[in-house]
Amino acid sequence: MSSPTPPQLLIHNRFIAFLIWQSITSSSIFLLFKLLTIPTQPFLLSLLTFLAFQFSQFIFSLSLSFLSSPKHCSPLSPLQLSYAFIRFLFVSGDSFSSLDFRRRFYLSLRLILFLLAASFSGFLSLVCASGFCDFRGFGFGFVYGLLYVYFHRWVLEFPIIQRPPFYSFKMKLPLAVKQAFKLSSSVYLCSSVLLAFLPNHFNSYVTLRKFITEQIILFSGSFSMFICWELSHHLHQVLHTKRFVFAPPKWSAAAETNPSEPLLAALEESTPGSLPQYLAYLDLCMVCENNVDTWRRAAFFEETGETYKRVVAVCLQPLEHLASTVAEGFESQSVDKAYQQLNQLQPQNDLQLDPKCYEPLNNFQQFAWCARTAAFLTVRSHTEDRFGVAQLSGSNAAVISTLLSCLLAAEALMGKKTNLQTSHQLMGPGGIKWATPNTVRREIVVVKKISGPLYSKAYAIADVLKTSIYSIVSAFHDEMLASEKAGHLHKDWLISGKPLFGNNELLLQKLRLFLDFRAS
């Protein structure tokens, strides 16, 4: 068996650390709960109860790690699953041949397994915590699993500011207690109301005191179960989103020869959308933005330029996917043709796009890292690129063109009109340019304006892209103005081929708006 690669070893080590710390927190909560609620029990029975509770928490933690992912993806609906199985059984052809379908199918399978694991863990945890068999634990675990899936809490969220893990976990502790109390109160009241309608339910209790004692123990047991799950969730988020440095030791031989190879290997060879790849993008973004590891950033600008081109390529690849996906959606709907033929008959907000165009918006974290990394690396090249590899390799033009294409795509998804304005201008007194009446205004794309979360995601992506473009324009403002006066702006700062979204004229017009600081 081959030895695991560094990214695999990284995830394995973090998973082991998560299980260790999770067992410590759940053990502390269980022992504290037992000391406060349950009288002294025989040692063997207490030990078996403790081990069973730990096993239930281990099942939940295992299913949580199996389900979690940094990339948001929509699962298949029950109707889609049923249709796929029927087609697989009775119709020739493979229904699972599509990569996107298999990814959504595996996610649906993981969600189902998580719900089953949460239900079983809830039953076993409540039995161990309360000391008597109560099948309401199944319902408690199932409800918690449904809420966990519905609010997409299984998606790993990377913090904007990287703090020490202990401090981050401490900041989440009050939130976990509050959430556990809300959940335990809600599910307990709902289950009590349902049990009140069962015949002869209260006749099984001999005294009122015994009934009240059991209800207190049951509520406390559910609270201890929920707080263990909430702490496991926050602990999993903190440990798995912590930055990892993909670099050899600073004074080692590998640091002198090729310090960027571990990072590039993690970016290029990891599974797209996997946790190792996201951690590599985070590490790359922090190297380019900050001045902590300047020796690593200096290695990007080596004389051959191969390392710089590889870094820029891995940053632009997700952004290119976003722009090309949106462009394909517009082409499939024939938006331009629909507008030319029906602009007098069909209102703007009746035009629809394929829902697949909006799916890339769920990867905001990766897009933000890629845009910021490409922009800051281009800005750093203005002062740190001794060999001029950024400009000579054409990376600067590729970065500007890709960022502008993605910005136009994001604005189109927001429902913003993209105009290409051509005017015959005359020079008036005082050097003032006057536009003649024969100004041509040509609409490129008009789409339905979206609202809600989709609009917010498109707006957030557009905001990051505009900030990134402005940072490059501010750093190279004098050079861009000189190219504009010489009439070489499109040759020096834009690619010669067809862009991913829009056209060359539209990108040049947008770049001029940024150059005049009028893009909004």
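What you are looking at is a predicted structure, and each value in this text was computed from that prediction instead of being measured. (Residues numbered from 1 in each chain as written. Predicted model: local features only at pLDDT ≥ 70, side-chain atom pairs only at ≥ 80, totals over all residues. Heavy atoms only, no water.)

1. Focus on the layout of surface pockets
For the second largest pocket, the calculated volume is near 1200 Å³. As for the second largest pocket, its lining consists of 41 residues, of which Leu-156, Glu-157, Phe-158, Pro-159 and Gln-365 are closest to the centre. For the lining of the second largest pocket, the secondary-structure elements that each account for two or more residues are helix H6 (165–196), helix H7 (208–240), helix H10 (275–289), helix H14 (364–384) and helix H17 (453–475). Residues that form the lining of the second largest pocket fall into these classes: 21 nonpolar, 12 polar and eight charged. (1 Å grid on protein atoms, 1.4 Å probe; cavity = no way out; pocket = protein on both sides within 12 Å on 5 of 7 lines; lining within 4 Å. Points joined across faces, edges and corners; volume = space filled by probe spheres on them. Helix = DSSP H or I, 4+ residues; strand = E, 2+ residues; numbered from the N terminus. Nonpolar A, V, L, I, M, F, W, Y, C, P; charged D, E, K, R; others polar.)

2. Digging into the packing of helix H2 (residues 43–67) against H7
Put simply, H2 and H7 touch, their axes get as near as 11 Å, and they point 40 degrees apart. With respect to H7, the element H2 is oriented oblique. By crossing handedness, the relation of H2 to H7 is classed as right-handed. In this structure, H2 uses Phe-53, Gln-57, Phe-60, Ser-61, Leu-64 and Ser-65 to contact H7, whose residues at the interface are Cys-228, Trp-229, Ser-232, His-233 and His-236. Its residues placed into classes, the contact of H2 with H7 shows five nonpolar, six polar and no charged. (Axes fitted to C-alpha atoms, helices over the stretch in contact; angles between N-to-C directions. Parallel < 35°, antiparallel > 145°, perpendicular 65-115°, else oblique. Left-handed = near helix turned anticlockwise from the far one by under 90°. Contact = heavy atoms within 4.5 Å.)

3. Quick word on the pattern of salt bridges
When the charged atoms of two side chains lie near each other, side chains of opposite charge can form a pair. Applying the stated rule across the entire model yields 13 salt bridges. Arg-296 is paired through a salt bridge with Asp-283; the nearest N and O atoms lie 2.7 Å apart. Here Arg-296, found in helix H11 (residues 294–300), pairs with Asp-283, found in helix H10; they are 13 residues apart in sequence, far enough to count as distant. In terms of burial, Arg-296 and Asp-283 fall into one category: buried. Lys-510 is paired through a salt bridge with Glu-411; the nearest N and O atoms lie 3.1 Å apart. (Salt bridge = Lys/Arg side-chain N within 4 Å of Asp/Glu carboxyl O. Buried < 20%, exposed > 50% of the residue type's maximum accessible area, 1.4 Å probe, protein only.)

4. Digging into the environment of Lys-170
Note on placement: Lys-170 falls in helix H6. Between the C-alpha atom of Lys-170 and that of His-234, which follows or precedes it by 64 residues, the distance is 9.8 Å.

5. What about the nonpolar core?
Soluble globular proteins tend to pack their nonpolar side chains together in the buried interior. In terms of nonpolar packing, the biggest core is built from 79 residues, with Phe-300, Met-480 and Phe-501 touching the most fellow members. Of all the elements, helix H12 (residues 306–333) adds the most residues to this core, at 12 residues. If you look at the next biggest cluster of nonpolar residues, it comprises 37 residues, including Leu-19, Val-149, Val-187 and Leu-239. (Core = buried A, V, L, I, M, F, W, Y, C linked by side-chain atoms within 4.5 Å.)

6. Digging into a nonpolar patch on the surface
A cluster of nonpolar side chains, contributed by Phe-55, Phe-58, Leu-62, Phe-120, Phe-135 and Phe-138, occupies part of the molecular surface with about 560 Å² of accessible area. Per-element tally for the nonpolar patch: the top contributor is H2, with three residues. Inspection of the secondary structure puts Phe-138 in helix H5 (residues 136–150). Look at Phe-138 and you get partly exposed, because its relative accessible area is 34%. (Patch = residues over 30% accessible without salt bridge, like charges linked within 9 Å, V, L, I, M, F, W, Y side chains within 5 Å. Areas by Shrake-Rupley, 256 points an atom, 1.4 Å probe, with all protein chains shown as cover.)

7. Side note on the packing of H17 against helix H20 (residues 504–515)
Close contact between H17 and H20 brings their axes to 10 Å; oriented N to C, the two are set at 70 degrees. The orientation of H17 relative to H20 falls into the category roughly perpendicular. When the axes of H17 and H20 are compared, the crossing they make is right-handed. Together, Lys-466, Ile-469, Tyr-470 and Val-473 of H17 and Leu-511, Leu-513, Phe-514 and Leu-515 of H20 make up the contact between the two elements. Here the residues of the contact of H17 with H20 sort into seven nonpolar, no polar and one charged.

8. Examining the confidence of the model for the protein
Overall, the prediction assigns the protein a mean pLDDT of 83, with 83% of residues at 70 or greater. Per-residue pLDDT stays below 50 along residues 338–351; that stretch engages in 13 contacts with residues further than four places along the chain or on separate chains. (pLDDT = per-residue confidence, 0-100.)

9. Things to note about the packing of aromatic side chains
Enumeration over the complete set of coordinates arrives at 27 aromatic pairs. Ring geometry for Phe-30 versus Phe-53: centroids 4.6 Å apart, planes at 25 degrees, classification stacked. Separated by 23 residues along the polypeptide, Phe-30 in helix H1 (residues 6–37) and Phe-53 in helix H2 bring together distant segments of the chain. Of the two residues, Phe-30 and Phe-53, both sit in the buried class. When the centroid spacing of 5.9 Å and the interplanar angle of 80 degrees are considered together, the rings of Phe-226 and Trp-229 count as edge-to-face. Placement of the pair is Phe-226 and Trp-229 together in helix H7, with a separation of three residues, close to one helical turn. Exposure remark for Phe-226: the relative accessible area of 1% places this residue in the buried category. Given a relative accessible area of 0%, Trp-229 falls into the buried group. Linked through ring pairs, Phe-60, Phe-114, Phe-140, Tyr-144, Tyr-148, Phe-226 and Trp-229 together constitute an aromatic cluster. (Phe/Tyr/Trp six-rings, centres within 6.5 Å; stacked < 30°, edge-to-face > 60°.)

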